[in-house]
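Okay, here's what each chain looks like letter by letter:
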Amino acid sequence: VAQQPQGPVLKVALVGGGTVGSQVARLLRENADELAARSGARLELAGVAVRDAGKTRVGLPLDLLTTDAVALASSGADIVVELMGGVEVAHEVVVAALRTGSSVVTANKALIAQHGAELHALAREHGVDLYYEAAVAGAIPLLQPLTSSLAGDRITRVLGIVNGTTNYILTRMGEEGAAFDEVLADAQALGYAEADPTADVGGHDAAAKAAIVAGLAFHTAVTAADVHVEGITSISVDDVAAAGDMGFVVKLLAIAEEVPGGICVRVHPTMVPRTHPLASVREAFNAVFVTAEAAGEVMFYGRGAGGTPTASAVLGDVVTVARHRVSGVVGPTLSTHAERPVLPIGEAITAYYVNLHVDDRPGVLAMVASLFAEHSVSIAGVRQEGSGDEATLIVRTHRARDADLQATIADLRESPVVRAVAGLMRVEGAD
Ligand code: NAP
Ligand code: HSE
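The shown structure was predicted, so the numbers you read here are calculated from the model rather than taken from an experiment.

1. A word on the nonpolar core
Then step 1. Core analysis: the biggest nonpolar cluster contains 79 residues, and Ile212 and Val290 have the highest contact counts within it.
Then step 2. Tallying contributions element by element places helix α10 (residues 204-218) first for this core, with 11 residues.
Then step 3. Apart from the residues lying within four places of it in its own chain, the contact partners of Ile212 are Lys109, Ile112, Ala113, Tyr132, Ala135, Val136 and Leu143.
Then step 4. Residues Leu35, Ala107, Ala313 and Val318 belong to the second largest nonpolar core, which totals 31 residues.

2. Focus: unusual backbone geometry
Then step 1. The phi torsion at His219 lies on the positive side, around 50°, for a residue other than glycine.
Then step 2. If you trace the backbone, His219 turns up in the loop between α10 and β8 (228-229).
Then step 3. The exposure class of His219 is partly exposed, given its relative accessible area of 24%.
Then step 4. Residues other than glycine seldom take positive phi values, yet Glu283 does so here, at roughly 50°.
Then step 5. When you line up the elements, Glu283 lands in the loop between β10 (262-273) and β11 (285-292).
Then step 6. On the basis of relative accessible area, Glu283 is assigned to the partly exposed category, the value being 31%.

3. Brief notes about the environment of Ser387
Then step 1. One can find Ser387 in the loop between β15 (379-385) and β16 (392-397).
Then step 2. Expressed as a C-alpha distance, the spacing of Ser387 and Arg361, which sit 26 residues apart in the sequence, is 9.3 Å.

4. A few points about the environment of Val213
Then step 1. Along the chain, the position of Val213 falls in helix α10.
Then step 2. We classify Val213 as buried; its relative accessible area is 5%.
Then step 3. Separated by 12 residues in sequence, Val213 and Ala225 place their C-alpha atoms 14 Å apart.
Then step 4. Look past the residues within four positions of Val213 in its chain and what remains in contact with it is Val136, Leu142, Leu143, Leu146 and Val158.

5. Re the pattern of salt bridges
Then step 1. Tallied over the full model, the rule gives 28 salt bridges.
Then step 2. Residue Lys109 is joined to Glu194 by a salt bridge in which the shortest nitrogen-to-oxygen separation is 3.1 Å. Of this pair, Lys109 sits in helix α5 (residues 109-126) while Glu194 sits in the loop between α8 (180-189) and α9 (198-201); the two residues are 85 residues apart in sequence, bridging distant segments of the chain.
Then step 3. A residue is classified by how much of its surface remains accessible, and Lys109, at 12% relative accessible area, is buried.
Then step 4. Among the residues examined, Glu194 registers a relative accessible area of 26% and is labelled partly exposed.
Then step 5. The shortest N-O distance in the salt bridge between Arg172 and Glu182 comes to 4.0 Å. One end of the pair, Arg172, is in helix α7 (residues 164-176); the other, Glu182, is in helix α8, and 10 residues separate them in sequence.
Then step 6. Residue Glu182 is classed as partly exposed on the basis of its relative accessible area, which comes to 45%.
Then step 7. One network of salt bridges, in which partners are shared, links Arg157, Glu257, Arg266, Arg399 and Glu428.

Calculation rules
Residues numbered from 1 in each chain as written. Chains lettered and ligands numbered in written order. Predicted model: local features only at pLDDT ≥ 70, side-chain atom pairs only at ≥ 80, totals over all residues. Heavy atoms only, no water. Core = buried A, V, L, I, M, F, W, Y, C linked by side-chain atoms within 4.5 Å. Buried < 20%, exposed > 50% of the residue type's maximum accessible area, 1.4 Å probe, protein only. Helix = DSSP H or I, 4+ residues; strand = E, 2+ residues; numbered from the N terminus. Contact = heavy atoms within 4.5 Å. Salt bridge = Lys/Arg side-chain N within 4 Å of Asp/Glu carboxyl O.

Now the structure itself:
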């Protein structure tokens, strides 16, 4: 930028100066002239709220630190950037900011997945903006494309990897045979994990993101409580290796899709063929496929976690909101006009890999196959490994109602020829 742009000054209050907040503060400072040129206003940091004022910090302006997050959020800044995480205090902070007439930018998916509708209503009431691109898939522009670029289309499915921590853990378990605890510690050290990493490994972080994405894609109010969640804590190195032996990788997928009678939103470990594009999404990268009637399939890929990539998405929202404040407008609010029923996992249409320890004698395969048939689940392939006491049947199904597959599994567990249902995982992308 050749010249210092002149113009109005917008005050930015930063609530949270940790992994993401410290990078937002740095980029606001280092790119001040360019951000001013793009926004039409200089963005001036008015304060930074942290929990512990005594901590040694690099890159944050110490004279602007406060430990009173709600007071900073109520101080009349033009834009409050909430990067503290958690739900209760963050909710108080964002409500205070909106009621004061400040626009809000947040990366807090847990907050939006739980209180999004209320916060959007408050923003509308006070004539201010509420943006949260960074809440889903880190640096990847996804929410803006869903709400703007694809607003003229009809989305039928959103499927992808939206949690960097678990993708990092599964990548290293698969490629190095690394132990879960060791790689989780590395993901924490790299700044990918939530303050409480059980939100990542338990699938709840991905579920919050899935709720947000589903709401925007299907113009329906969806909260985290509507999402079926299974995390990766029960996945072992052996499970990942066994999937690898069959030509698959294990990914934690978030899937929001149309099903007969409504939509279904789910997060669970999934086997994906090694040849599928999602299989090559490694470490903390995220990737999301959106299927829309007119557009067909659109893929988004990029860094899903980490301070600097996430700060990019936060600053994109800050510039958008700043432009609106300069022009005296606000962006579009939440659209929930479709009110699609959000159905339970039983209505999802899925395929499975089932690993059965069975008796090795004539007629067993036919009995097993008949249980699948009784529940209208079609078998795509069967392989036997071992013999005698070691006999294992590996069954791959075609796509069927999840409830029918679960009923089949319940019957298999009761069957006199099945000694154990030793493995069970949903499959995507193998059709
Ligand atoms: P973090 O490193 O734990 O930082 C949180 C910051 O908030 C810290 O500066 C902390 O103060 C401050 N804070 C917490 N509670 C506070 C309170 N009651 N009053 C005042 N300040 C308080 O978290 P983060 O990784 O930056 O994540 C922040 C948000 O971004 C979360 O909502 C997270 O889900 C979201 N996000 C993170 C990533 C990522 O890759 N890290 C990506 C996308 C979205 P201290 O410094 O004193 O502890
Ligand atoms: N903990 C989150 C993740 C941060 O690992 O994806 C990005 O939202």
